[in-house]
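# Residue-level structural notes
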Amino acid sequence: MRGLPLEPLQVARTGSWLLATVLLLFILTAFNIRYILKLFGNYEVHVATESRTMLLLILQTSILEGIMFFCYYRMEQFNLTIEAAGVFCCMTLVYNLFTILMFQTTGFVFAGSGESVAWNRSQLASQAMFGLLLIIPALVALIRPEFCRYTILVGLVFYVLARLNFIVKGWQIFYEDLSSWFYFILYLCTLEILPVVILWKISREIAVFY
């Protein structure tokens, strides 16, 4: 629900564990940087053999997305409890796992085994890349809430870039003829746009409830 205007450093004081979580994720990323570089250097080869690192990156993406949702609604004058941040993180984790399942199902149904594997690995790498890019914006949003609006904007730009990278790779994998445009538009509506709209509506309900 809406409350009093956001005070400087209020988010950082009331949710110090959020800051500690982001710092821990940063440290874990640093310790796994060798494997991460392999993943993004040639993830068609390495993702399957580095499942532990990819799982860490997807979890990191979900937590950072949840924190960004929390900071955004605090900026919008919603007087959220600190438990709301945990709920947002759970929401984004479920969302990311659901989208992974949906992409795997779609690839299994509409593509050959080789194309499906390449497409799903590209999707996982896109999500992981987005999580890496969110570390700094999330830190800034927690430490300096007055800059939250700018960090949210930066986060949105990073999201668009990560998804565009994945969409282009998917187009390269699946394009065959002009009829591919129909399936491409259908894919954009059902797997890229609709889930994000639903996620946004759920986040609003969480913000109002807490």
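One numbering rule holds for all chains: residues counted from 1, following each sequence as written. Only residues with pLDDT of at least 70 are given local features in this predicted model, and only at 80 or more are side-chain atom pairs given and counted; all residues enter the totals for whole chains, interfaces and linings. Each side-chain value is derived from all of the structure's non-hydrogen atoms; neither hydrogens nor water enter the calculation.

Attention now goes to the overall build of the protein chain. Scanning the protein chain for helices and strands turns up 9 helices and 0 strands. Reading the secondary structure of the protein chain in the N-to-C direction produces α-α-α-α-α-α-α-α-α. Relative to all contacts within the protein chain whose residues are 6 or more apart in sequence, the contacts with residues 24 or more apart total 76%. Residue exposure ignores everything except the shown protein chains as possible cover, and the areas themselves are Shrake-Rupley values with a 1.4 Å probe. When the accessible area of the protein chain is evaluated, it comes to approximately 11300 Å², of which 74% is carbon and sulfur surface. In this description a helix means any DSSP run of H or I spanning at least four residues, a strand means any run of E spanning at least two, and both kinds are numbered starting from the N terminus. Between two residues, a contact is recorded if the distance between any of their heavy atoms is within 4.5 Å.

Throughout this description, the term salt bridge denotes a Lys or Arg side-chain nitrogen within 4 Å of a carboxyl oxygen of Asp or Glu. What the rule picks out here adds up to 2 salt bridges. Residue Arg144 pairs with Glu146 through a salt bridge whose shortest N-O separation is 2.5 Å. Each residue is assigned to one of three classes by its accessible area relative to the maximum for its type, calculated with a 1.4 Å probe on protein chains only: buried under 20%, partly exposed between the two thresholds, exposed over 50%. The exposure class assigned to Arg144 is partly exposed, which follows from its relative accessible area of 38%.

On to the state of the cysteines. Only a pair of cysteine sulfur atoms within 2.5 Å counts as a disulfide in this structure description. Scanning the model with the defined rule gives 0 disulfides in all. Of all cysteine sulfurs, the one in Cys148 lies closest to Cys71, which takes part in no disulfide; the gap is 5.0 Å. We classify Cys71 as buried; its relative accessible area is 2%.

In this section: the nonpolar core. Nonpolar side chains tend toward joint burial in soluble globular proteins. In this text, buried Ala, Val, Leu, Ile, Met, Phe, Trp, Tyr and Cys residues form a nonpolar core when linked through side-chain atoms within 4.5 Å. Val22, Ile67, Phe70, Tyr73, Leu80 and Phe88 are the most contacted members of the largest nonpolar core, which has 34 residues in total. When residues of this core are traced back to their parent elements, those giving at least two are α2 (16–31), α5 (51–75), α6 (83–110), α7 (113–143), α8 (148–174) and α9 (180–209). At 10 residues, the largest contribution of residues to this core is made by α5. The residues touching Phe88, leaving out its near neighbours within four places in the chain, are Gly66, Phe69, Phe70, Tyr73, Leu80, Ser203, Ile206 and Ala207.

The end-to-end C-alpha distance of α9, which contains 30 residues, comes to 43 Å, matching closely the 44 Å that a straight helix rising 1.5 Å per residue would cover. If you look at α9, its biggest bend is around 35°, right at Ile193, and the proline Pro195 turns up within four residues after that. Expected span of a helix, by definition, is 1.5 Å for each gap between consecutive residues, and there is one gap fewer than residues. To get the bend at a given residue, fit one axis to the seven residues ending there, fit another to the seven starting there, and take the angle between those axes.

Now for α6. An α-helical segment advances 3.6 residues per turn. Residues three or four places apart therefore align on the same side. With 28 residues, α6 ought to run about 40 Å at 1.5 Å a step, and its terminal C-alpha atoms sit 41 Å apart, in line with that. Of all the residues in α6, the buried ones are Ala84, Ala85, Phe88, Cys89, Met91, Thr92, Tyr95, Asn96, Thr99, Ile100, Phe103 and Gly107.

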